[in-house]
Amino acid sequence: MKGTSVLWKAVMMAAFAVGPVRAQEAGDLAQIRERNQLRHLGIPYAHFNTGTGEGLSVELMQRFADFLGVEYVYVPTEWSTVIGDLTGTTVKPTGDDVERIGTCEVKGDVIANGFTILPWREKVVAFSKPTFPTQVWLVVPSESPVSPIEPTGDEALDILATKQVMEGLSVLGKAGTCLDPSLYDVSECGAEERNFSGGLNDLAPALLQGEADTLLLDVPDSLVALVKWPGRIKVIGPMSEQQEMGVAFRQESQELLNAFNGFLRSCMADGSYVELVRKYYPDVFSYYPVFFQ
Amino acid sequence: MGKEKTAVRRWPDVLLTAINMILLLYVLHLLFINYTTQRDLRGYAEGRFIRETERLAESVEYFMAQSRRDIDLLATDDELLAYFKNKALGMSLQYGLRATLYQLKDHCADLLTRQSSLGTPLFSSILVAETNGLVLIENDQVRGNGGEGPLPFIDESGAKVRYLDQPGAKGFYVLEPVRWQERVVGVVVATLSLDEFIRQLEGSLEDHGYKWCGLYEGPDLVYGVNGTHEPPRITHANDKEGASSVLISNGKVFCRVPVKSTPYALGFALSARQVFGPAKPLQQLFGLGAAVALVLFGLLGILRHIERKRIEKVLREERQRLANVIEGTNVGTWVWNVQTGKTVFNDRWAEMAGYTLAELEPVSIATWEKLAHPDDLKKSEAALQDHFSGRQPNYDCELRMKRRDGHWVWVHDRGRVVTWTDAGKPLLMYGTHSDITQRKFTEARLHESEQNFRTFFNTVDDLFFVSTPEGRILFSNRAVCEKLGYEEEELQGMHLLDVHPPACRQEAERIFGAMLRGEEHMCPIPLQRKDGSTLPVETRAWLGTWNGDTCLYGACKDLSRQEEALQMFHKLFDNNPALMTLSSIPDRVFMNVNNAFLETLGYERDEVLGKTADELHLYEDENQKRIVNEILMLRGAIDREELRVRGKRGAVLSGLFSGEIIENQGKKFLLTVMTDITLQKKAEKLLRRSVELETRVAEMASHFVNIGAETIDSEIEGGLGRIGRSMGIDRAYVFLFSNVDETMTNTHEWCAPGIEAAREHLQGLPLTTFPWWICKLKRQECISVQRVDDLGPEAVAEKDILLSQGIQSILVVPLVWNNRVEGFIGFDAVTAAHEWSPTERSALEFLGTIIINALKRKGMDEELARHREALEALNRTLEEKVRERTRQLEETQQQLLLQDKMASVGQLAAGIAHEINNPVGFVSLNFATMESSMRAVMGLLQEYREALKEADSATSGEMYDRLRCREEEIKLDFITRDFDALLAESHEGFERITSIINSMRDFSRADTSGHREGYDLNKRVRDTLIISRNAYKYHADVEFEEGDIPMTQCVPSQINQVLLNLIVNAAQAIESRPDMERGLIHIRTWQTDDAVWCAVRDNGSGIAEEQQRRVFDPFFTTKDAGKGTGLGLSISYDIIVSKHKGTFQVQSRKGEGATFLFSLPKEMEQ
């Protein structure tokens, strides 16, 4: 009991130590309305955010801003800093855990970018209801001697089979994202982890240019790449269980989160969300028909 | 074939001709009209109609082509190719492949929405599938699942457009294969609904008045539109594929127009009325008149036609009949103009040569000459000439013709000149060819067969005749000539009986007749050679046919060799040393026996012949007889079966029996041979017995090595039994001589069942009872008597004794040990005499050696056992003495050790006492001085206090108070009160120290310290209890059990010290038990013969076993520190044991108290 109270005190002290600084710039729904701006933290990624002001996430956030009756503002950011830009705390993921390594300025109110819900991210942000399904696949150039697995119908077995083929190969991924090789025990599988410093949209070209033997790529990007470079790449198999993407808010922005969930519910009910998805990812319905039902 | 006359009636030709002319003109007119009409109609049909319908077909074709283009685009869609490209990379539908189908799906969806010109969907369905039936896209949905088996439109035909009429799938299918890396990997199929198609078409036809009547696939109508006339099969013999066709029939124009690039054609119909409109009136009137006239003369024409038909029918029938004849006979026909050479052949003629008629064109007589065999051609020409010249009424020749494939066929060529020229030369000749190849082949085979039979007939060794039923010889084979010495010509015409000896001819004739009647089957009468000698034969005769006439066949088996064999057999039979018999079957009566049989078994011939083996009691064993008979019945023969037979005088003979049932002239006989093996059996038996005996003896030898002395006697008797049984004797025994009184005793005996034992009567027999026997034995000689009866006078004593016991044969072997005869081993045959073989004697001698060795070993073993027992008894006594002595030595050692320890401690104690005593001495002295001084000081102090009290407190108050306070501060009152107690305790302390030093000194002193005197132990115990009352009164009760004990000589002070020590220790042990409020100390005294005892028992804490050995050790204590020096018991022990030569011991268990016992000798050593 004594130890717990001490811990609680420490937490409270930490909270109060950080709080006063962030309270100036962060905001829940009231503050957003007061400021009359919804700041959308975005990173060019597949068809979620084309980087030209279009994309599923961009349009969704625009609609959400309309729903709230505030102005939509796009704030460009990067994968390595996006959480810090939202929460004001720079973090470093270590497996399923996260290490807080510092503070920074809060630049946005929401992350909507095809943002995969990961255990370590859930420790620092609050996710909305899932907005999009995804999965991480292992992709190789078509001339690679590695052959695609035979699907067994059992996701776990498929993942194991995919991991088995990685031994002795290099695996390109992107740290700090759902394509971080460390999230999938790549090195434990006898493969070499490589981090890509470029954008997610450039991962497939990097693979084709031989930057690594294999590539971790999520489904949305894979779908784009398969169409863009047919016959140039091949999908070996899944590296993760089916995952979900969501919109991320600050953990203390509960009102804003609830508002978004309500907005999303209404979009799903009237079919407008499905239409929006169909506009940017028409093919996803065949892969994940249940998700959008 | 001759001329034929037909019956034809003649009508008035003029009238008919005139009428016909008129009609002809009209008909010509009508024909003209019809022609022009048809021409026009055809012109219309082949012109405008076809053009327009072709345009319709083009629109359909365009419609199809457009559809195909769409589908073709789909089949070459990049997304579809990307799918296969990715699939080639091994990607699965689950991971990756689906992506490439999505855009394609949209294209399919686009196609589905495309509308026809009528505003309806062009395609009713779009399907993209792999060749294995996996459906990728169906309409606008990505599937990725399998279809129901192979899709119906995936086939090898490669047709791009197919019409399928299947349930739920009626319509046009436009197919386009999907090619990937030059392979067809899939198919795109679009369905054009038939209804849509028809609507399209009918929409186009509305303005033209055409009726669409159907859809053709090739010449076949695959879809007919209901309600229209079924169009005829619109093809012509010269139709080119893909061209439009027109048929005008019954006032209708039918047009079949192919749809290009498809296997289909459309059929359209149009009536002539629609082309030309209604007919003109004048033409109608003219036509009516012409029609009437036509009817009238038509009747005429019909009648003529009927007659003509009848004639034609007759001619046809004739012709048909002829053709049937030709076909039925399968002959080829030829008609030859002999003069010109022109020839006509029919198809069959050409077929015989392996050609068709067309292939032989142009045909002439040279055709035939070319095909005929050159050798046969000459024969044919000759036959022709014979016929031409009239020598032969017909031409008839068999010749060979060469077939197309090169081999020759035989044909029967026949013919006849039917027409002659005026000059008498042959003009027309008709003939036939028949294929006689098979017949020729059969003839050749028949000839060959005849040759074979002839060769066989003439090479066989038997004599064969063919004669008339009366017996006149018609034919005989070469054997007849060779064996009888006649020429073949001589035999021709001879009678069968002529070749028999005259004396036997009548009998032969009778037998032949009987054979023909079936009463006899063979004639044994020999034949007579030309030179008069006879030839032994067996003749058989039967009726048959020869050249179609009844004849008599005769076959004679030459028996001359058999005769020789029979003679040889008789020689062998009679002279064979083995016993041979010949008996009849089934009665087994001896028909013949050989000399060996008679001599061996002791019979005369007439005693045996005509009897059976049973009647002669030949078989010794009925079972053997049964076995022999069974084998004979089963196999018909028996080979070397061992059998025992009995002779006339009862002697039994052993033999190897063989026999076989033979047949001669229809009768069965048993021929037996038996080889005498009696001697062999005897020798075998002896050998077997010898081997067994030697084996038994060897077994006994190895067995006796290992047995113990206690079993030797039983083993000897057992061995005697085994040997006796194997030898087949009745009694075996061992006798041993006694060196003391010259007797012999039967020590071991075995008797066969039924033989009485005699051992008990044969004990201690004087050696003089068997003088001869003993004499031989003493010389180490064996005694072997086959028949006791045969013993001579020198052995009369032995003979009488042996015979009285019924012994017929006896064998005795001496038992020799160290060249000395110790006894003998003997074997008696009682039931029957026994012939002792050398082997038996040798084996029994060896047995004797074994037995004597065993008996000697037994004696040695017994003596050895006796010595061993004495040694063991001595050993046991020795061990007990050693143990007792060891115990004594151990006790002495303990005592010596303790004494040694005591001595060491004593020296140590003396040293310590000495060292302590000095300082104690001067401290004690100083203390005494100090005591005296302190007492004086204390006295003075008391006087000062009293003086102070008396002083006036008012005058010396401050000082009085100060002093008073100081007194209270130092507790002067207490000090003064405690002063005496301190002094007293100090005194006591000094005394204790002095006492301990004295004890240590006592401990270290020699035995001689202290004066002994008469000591009453009971009184001393009582005194000690009083003295030590303070030590135990608070903790324990005391019981003293006084025994009746005498006075002892002791040093009183020392024993007192021991008693005190023990009582104090007991009290302290009781005090140390926290669970006991009050204990008990029990003291008992008693005496034994040489000592007075005292035991002090307490129920204190007890002493642990491992500490009991040390309680008497100096300085060992179980008490708490400061509670004891550890010297008490050691001093007590020293006093009792060393100084008084007593004993001191402790008995205790931890927690149960302890008992200390000591004894004092009644008589003390001086």
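Parameters and conventions
Residues numbered from 1 in each chain as written. Chains lettered and ligands numbered in written order. Predicted model: local features only at pLDDT ≥ 70, side-chain atom pairs only at ≥ 80, totals over all residues. Heavy atoms only, no water. Helix = DSSP H or I, 4+ residues; strand = E, 2+ residues; numbered from the N terminus. Buried < 20%, exposed > 50% of the residue type's maximum accessible area, 1.4 Å probe, protein only. Areas by Shrake-Rupley, 256 points an atom, 1.4 Å probe, with all protein chains shown as cover. Axes fitted to C-alpha atoms, helices over the stretch in contact; angles between N-to-C directions. Parallel < 35°, antiparallel > 145°, perpendicular 65-115°, else oblique. Contact = heavy atoms within 4.5 Å. Nonpolar A, V, L, I, M, F, W, Y, C, P; charged D, E, K, R; others polar. Pairing = 2+ DSSP bridges. Buried area = accessible area lost by both parts, 1.4 Å probe. Salt bridge = Lys/Arg side-chain N within 4 Å of Asp/Glu carboxyl O. Core = buried A, V, L, I, M, F, W, Y, C linked by side-chain atoms within 4.5 Å. Patch = residues over 30% accessible without salt bridge, like charges linked within 9 Å, V, L, I, M, F, W, Y side chains within 5 Å. Polar contact = N/O pair within 3.5 Å; in protein donor to acceptor, adjacent residues only side chain to side chain. pLDDT = per-residue confidence, 0-100. Expected span 1.5 Å × (residues − 1). Phe/Tyr/Trp six-rings, centres within 6.5 Å; stacked < 30°, edge-to-face > 60°. Lys NZ or Arg CZ within 6 Å of the ring centre and 35° of its normal.

For the rest of this paragraph, the subject is the overall build of chain A. In terms of regular secondary structure, chain A is built from 11 helices and 13 strands. Expressed as a percentage of its 293 residues, the buried residues of chain A come to 54%. For chain A, the accessible area works out to roughly 13000 Å², and carbon and sulfur atoms hold 53% of it.

Residues and elements named next belong to chain A. In contact at an axis separation of 11 Å, helix α3 (residues 56-68) and helix α9 (residues 254-270) are set at 110° when each is read in the N-to-C sense. In terms of axis orientation, α3 runs roughly perpendicular to α9. Touching Leu60, Met61, Arg63, Phe64, Phe67 and Leu68 of α3 are Leu256, Ala259, Phe260 and Phe263, all from α9. Looking at the contact of α3 with α9 residue by residue, the class counts come to nine nonpolar, no polar and one charged.

A word on unusual backbone geometry. Residue and element names in this part refer to chain B. A cis geometry characterises the amide bond from Glu361 onward to Pro362, with omega recorded as -10°. Its location among the elements puts Pro362 in the loop between α8 (357-360) and α9 (365-371). The step from Ile585 to Pro586 runs through a cis peptide bond, and the omega angle for that step is 5°. Take Pro586: it is sitting in the loop between β23 (579-584) and β24 (590-593). With a phi close to 50°, Arg640 is a non-glycine residue in the positive phi region. Unlike most non-glycine residues, Gln780 shows phi in positive territory, near 60°. The residue Gln780 is located in the loop between α21 (771-778) and β31 (783-785) in this model. Given a relative accessible area of 35%, Gln780 falls into the partly exposed group.

It is worth spelling out the pairing of strand β40 (residues 1154-1161) of chain B at this point. Residues and elements named next belong to chain B. Most of β40 is tucked away: eight of the eight residues are buried. Side-chain alternation along β40 places Ala1154, Phe1156, Phe1158 and Leu1160 on one buried face and Thr1155, Leu1157, Ser1159 and Pro1161 on a second face that is also buried. In terms of strand pairing, strand β38 (residues 1091-1098) meets β40 through eight bridges, oriented antiparallel. Residue pairing in the sheet places Val1096 in a bridge with Phe1156 of β40.

Bringing the interface of chain B and chain A into the picture now. Listed as interface residues are 18 residues of chain B and, on the opposing side, 20 residues of chain A. For the pair chain B and chain A, the summed buried surface comes to about 1600 Å²; carbon and sulfur atoms form 66% of the total. Together, Leu89, Tyr95 and Tyr102 of chain B form the three largest contributors to the area buried by chain B at its contact with chain A, with a combined 40%. At the boundary of chain B and chain A, one finds zero salt bridges. For the side of chain B that touches chain A, the elements supplying multiple residues, two or more each, are α2 (78-88) and α3 (99-113) of chain B. Broken down by element, the residue count for the side of chain B that touches chain A peaks at four residues, all from α3 of chain B. Among the residues forming the side of chain B that touches chain A, the class breakdown is nine nonpolar, seven polar and two charged.

All names here are of chain A. The strand order across the open sheet formed by five strands is β10-β9-β11-β8-β12, and the pairing between neighbours is mixed. Two strands bound the open sheet, and with one partner strand each, they are β10 (192-195) and β12 (233-238). Each adjacent strand pair in this sheet contributes to an overall mean axis angle of 35°, direction not counted. Of the pairings in the sheet, the one linking strand β9 (residues 170-173) to β10 comprises four bridges and is parallel in character. The residue bridging Gly173 from the neighbouring strand is Asn195, located in β10. Sitting on the sheet, helix α6 (residues 155-164) touches β8 (136-141) and β12, and the angle it makes with β12 is about 125°.

Among the nonpolar cores identified, the biggest contains 133 residues, and Phe64 and Phe132 of chain A are the most heavily contacted of them. Not counting chain neighbours up to four residues away, the residues in contact with Phe132 of chain A comprise Phe48, Leu56, Pro220, Gln243, Glu244, Met245, Tyr273, Val277, Tyr281, Val284, Phe291 and Phe292 of chain A. Val697, Phe770, Leu844 and Ile851 of chain B belong to the second-largest nonpolar core, a separate cluster that totals 57 residues.

Taken together, the side chains of Met21, Leu24, Leu25, Leu28 and Leu31 of chain B present a nonpolar region at the surface, about 490 Å² in accessible area. The topology assignment puts Leu31 of chain B in helix α1 (residues 13-75).

All right, on to the pairing of strand β13 (residues 243-250) of chain A then. On a regular strand, each side chain points to the face opposite its neighbour's, so the side chains alternate between the two faces of the sheet. All names here are of chain A. Counting buried residues in β13 gives seven out of eight residues, a clear majority hidden from the surface. When strand β5 (residues 110-116) meets β13, the two strands line up antiparallel, connected through three bridges. By the bridge assignment, Thr116 is partnered in β13 with Met245.

Residue and element names in this part refer to chain B. By secondary structure assignment, the location of Asn592 is in strand β24. At 3.1 Å, the side chain of Asn592 forms a polar contact with the side chain of Arg605. Leave out the neighbours within four places in its chain, and Asn592 touches Phe573, Met580, Thr581, Leu582, Arg605 and Leu609.

Before going further, it helps to spend a moment on the confidence of the model for chain B. The predicted model of chain B has a mean per-residue pLDDT of 81, with 81% of residues at 70 or higher. Every residue in residues 235-239 of chain B is under pLDDT 50, and counting partners more than four places away or in other chains gives five contacts.

Take helix α20 (residues 712-727) of chain B next. Residue and element names in this part refer to chain B. For α20, built from 16 residues, the straight-helix expectation of 22 Å at 1.5 Å per residue is met to within 8% by its first-to-last C-alpha distance of 22 Å. Residues Ile712, Glu715, Ile716, Gly719, Leu720, Gly721, Ile723, Gly724, Ser726 and Met727 constitute the buried set of α20. Looking one or two residues past α20, Gly728 carries a phi angle of roughly 80°, positive in sign.

As a further point, take the environment of Thr52 of chain A. Assignment of secondary structure puts Thr52 of chain A in the loop between β1 (37-42) and α3. At 2.7 Å, the side chain of Thr52 of chain A and the side chain of Thr50 of chain A are in polar contact.

Next up on the list: the pattern of salt bridges. Applying the stated rule across the entire model yields 62 salt bridges over all chains. Glu398 of chain B is paired through a salt bridge with Arg439 of chain B; the nearest N and O atoms lie 2.1 Å apart. Placement of Glu398 of chain B in strand β14 (residues 395-402) and of Arg439 of chain B in helix α11 (residues 437-459) is noted, with a sequence separation of 41 residues between them. Taken together, the salt bridges that share partners define one network made up of Arg35, Arg39, Asp109 and Arg250 of chain A.

For the rest of this paragraph, the subject is helix α8 (residues 219-228) of chain A. Taken across its 10 residues, α8 of chain A has seven buried, putting it largely inside the fold. Capping the start of α8 of chain A, Asp218 of chain A holds a side-chain oxygen 3.2 Å from the backbone nitrogen of Asp221 of chain A, two or three residues further along.

Under the criterion given, the structure shown has 38 aromatic pairs over all chains. Note on Phe569 of chain B and Phe573 of chain B: the rings are 5.7 Å apart at their centroids and 40° apart in plane angle, and the pair reads as tilted. You can see Phe569 of chain B and its partner Phe573 of chain B sitting in helix α15 (residues 560-575), four residues apart, about one turn around the helix. Of the aromatic side chains, those joined through ring pairs into one cluster are Tyr45, Phe48, Trp79, Phe115, Phe127, Phe132, Tyr273, Tyr281, Phe291 and Phe292 of chain A. Sitting over the face of the ring of Trp1086 of chain B, Arg1084 of chain B holds its NZ or CZ atom 4.0 Å from the ring centroid.

Residues and elements named next belong to chain B. Read across the sheet, five strands follow the order β13-β12-β16-β15-β14 without closing on themselves; strand pairing throughout is antiparallel. For this open sheet the edge positions go to β13 (343-345) and β14, each flanked by a neighbour on one side alone. Ignoring strand direction, the axes of neighbouring strands in this sheet form an average angle of 25°. Bridging between strand β12 (residues 332-337) and β13 involves three bridges; their strand directions are antiparallel. By the bridge assignment for β13, Trp334 is matched with Phe345. Most of the contacts of helix α10 (residues 374-388) go to β14, to which it runs at about 160°, and overall it touches β12, β14, β15 (408-420) and β16 (426-435).

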